[in-house]
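Here's the letter readout for the chains.
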Amino acid sequence: MTTPALGRPTIDRETCVALDAADPLSRIRSRFSLPDGVVYLDGNSLGALPRDTAAHVQRVITEEWGTGLIRSWNDAGWFAKPQTVGDLVAPLIGAGPGQVVLGDSTSSSIFQATVAAARLRPGRRVIVAERGSFPTDLYVLESVQELLGGGRPLERRLIADDGPTLDDVLDEDVAVVLLTHVDYRTGRMHDMAEVTRRIHAVGAVVVWDLCHSVGAVPVDLVGADADFAVGCTYKYLNGGPGSPSFIWVAEQHQADARPALTGWHGHAKPFDFTVDYAPASGVERFRVGTPQLLSMSALEVSLRLWAEVDLGEIREKSLCLTELFISLVDARLTPRWGVEVVTPREPARRGSQVSLRVGSGYEIMQALIERGVIGDFRAPDLIRFGFTPLYTSYADVWDAVDTLESVLDGEVWREPRFARRGTVT
Ligand SMILES: Cc1ncc(COP(=O)(O)O)c(C=O)c1O
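Computed from a predicted model, the values in this text were never measured in an experiment. (Residues numbered from 1 in each chain as written. Predicted model: local features only at pLDDT ≥ 70, side-chain atom pairs only at ≥ 80, totals over all residues. Heavy atoms only, no water.)

Visitor: Looking at this structure, I do not really get the packing of helix α12 (residues 311–332) against helix α15 (residues 394–410). What am I missing?
Guide: When two helices pack together, their arrangement is captured by the angle between the axes and the distance separating the axes. In contact at an axis separation of 10 Å, α12 and α15 are set at 25° when each is read in the N-to-C sense. In terms of their interaxial angle, α12 and α15 are classed as roughly parallel. Between α12 and α15 the crossing geometry is right-handed. Judged by residue contacts, Lys317, Cys320, Leu321, Leu324, Phe325, Leu328, Val329 and Arg332 of α12 engage Tyr394, Val397, Trp398, Ala400, Val401, Asp402 and Glu405 from α15. (Axes fitted to C-alpha atoms, helices over the stretch in contact; angles between N-to-C directions. Helix = DSSP H or I, 4+ residues; strand = E, 2+ residues; numbered from the N terminus. Parallel < 35°, antiparallel > 145°, perpendicular 65-115°, else oblique. Left-handed = near helix turned anticlockwise from the far one by under 90°. Contact = heavy atoms within 4.5 Å.)

Here it is as C-alpha cells:
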C-alpha cells in the first residue's frame, strides 16, 4: 500500500471512497444516525445511535408503559427480556440460546461471575488477573478476594503482556483467572481457546471480559471451552449509554453455579414470594432485581441489526480498516512525529481498535475532536481509535489520519484550551 521510496502511501482518498462503494457493509451505515461532518472512531467506548432506536423506545414508553401499564410485564414479555434479549447476544459470542442473561453494569456482572467461578473451586486460594485490565476488573476482584477469603483475603497474582506470564503464575492453587479478551488500552487480543486450555490444565476456571470483543471480533466461547464471560453492550453493540451488561455461563456449570447476588429475579419461582432463596434452573439465576426495561428496549433494536450481517464479514472489514489506519500512520506520521503504533500488527492478535503512543496525547485528541474526528485518550500517553465495521468507512480512516497530520503539523494542540480536562477523557 506504500511507496517505500517516498515513504508515502499510494492509497489516496479517492481509493478509499471506491473501497466504500464496493463494501457490502456500507449499506448498514445508513441505519445509524451519525452527525454530518463527524468521523466517529469511538464506538469502542460508546456505539453510535441506530436510526430505529428512538422510535422504538418511544413506542415502549407510550404503548407498553403508558397504555399497557403493569400488564406489560406479561403482555409485552417484559419479565423475560433479560433472557430474550440475551438470546440476541448469544450468536455474537458463540453461545446457544438460554445461555446468556442481561445484567446491570459490567462491573456488577464481573462480581456475579467471578464469585460463582471461585465457588466452583473451593479450597483454592488464588485469583489471577491482568495488571493492565480495565481497572474495575481489579477493583471488583478486591471485594471478591475479601468476601471469599474466610477472614484472610484470597491471594491475587497479576500477569502482564511484558511478564509475568500466565505460565509463571498458574498452579493448582489457582481458582479463577479473569482475563480481558481484547485489551482496552492496546487492542491486543488473546487466543481464547489456547489460553483457556492452559488455565484448565491446572484445574482453574476462566472468566472472560468481552467488553472490547463482542461485536468487534468473532467470539466462540463454546468452541474455546470457556467457563464464564461478561461484556457490555454500549460499545460495539450500540445499545446506548449505560445499556445493560451480559453474563454467559457454560452449560456444564449452570446447575452448580452460585451467583454472588441472589435476588428475586433469579429465583426459581419469584412470584411464590417464599422466604428462602431457590435458584432458577439455568443462567437466569444470575438475574438480580427488576431490569432496566427502557435501556433493554433500546438494546433490542441495535441487536436486531446483527441478524443482517455476518461476523466473518465484520472481522474482514475490521482488519482492513485497522490495517489501512496503521499503514497511513506508518507512512505519514511516524517518520516525522515519532508516533508509535502500540496495537499488535499481527492480525490474529488485534481487536478492532488502534492505539497510538504520543506525547501530549490528551491535547492532541482534544484538537482532533474539535475538528470532528472523535477518538479518545487513555492516560498516560495513548490516543485510541475504534473501528466499527457497521458504520466506519474507509474514507473515515483516511480523513482521521489526514486531520491528525494537520493537527501535528500545525501544532494546534499547543493552544492552552486543549489542556483543560473534562471528567471523562
Ligand atoms: C474491559 C472493560 N471491562 C469493564 C468495564 C466496565 O464497565 P461498566 O462501566 O459497565 O461496569 C469497561 C468499561 O469500559 C471495560 O472496557
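Visitor: I tried to follow the domain arrangement of the protein on my own but got confused; where do I start?
Guide: Accessible area lost upon the coming together of the parts is a frequently used measure of interface size. Domain annotation for the protein reports domain 1 (2–50 + 310–419) and domain 2 (79–308). Inter-centroid distance (C-alpha atoms) of domain 1 to domain 2 is 30 Å. Counting residues at the interface gives 35 residues for domain 1, matched by 25 residues for domain 2. Here domain 1 and domain 2 share an interface that buries about 2,400 Å² over both sides, 59% of which is from carbon and sulfur atoms. Counting the contacts that link domain 1 with domain 2 gives one salt bridge. Glutamate 308 is paired through a salt bridge with arginine 31; the nearest N and O atoms lie 2.7 Å apart. Elements represented by at least two residues in the side of domain 1 that touches domain 2 include exactly α2 (26–29), α12, β12 (353–357) and β15 (382–386). Here the side of domain 1 that touches domain 2 gets four residues from one element, more than from any other, and that element is α12. Taken together, the residues that form the side of domain 1 that touches domain 2 break down as 16 nonpolar, twelve polar and seven charged. (Domains from an automatic or database assignment. Buried area = accessible area lost by both parts, 1.4 Å probe. Salt bridge = Lys/Arg side-chain N within 4 Å of Asp/Glu carboxyl O. Nonpolar A, V, L, I, M, F, W, Y, C, P; charged D, E, K, R; others polar.)

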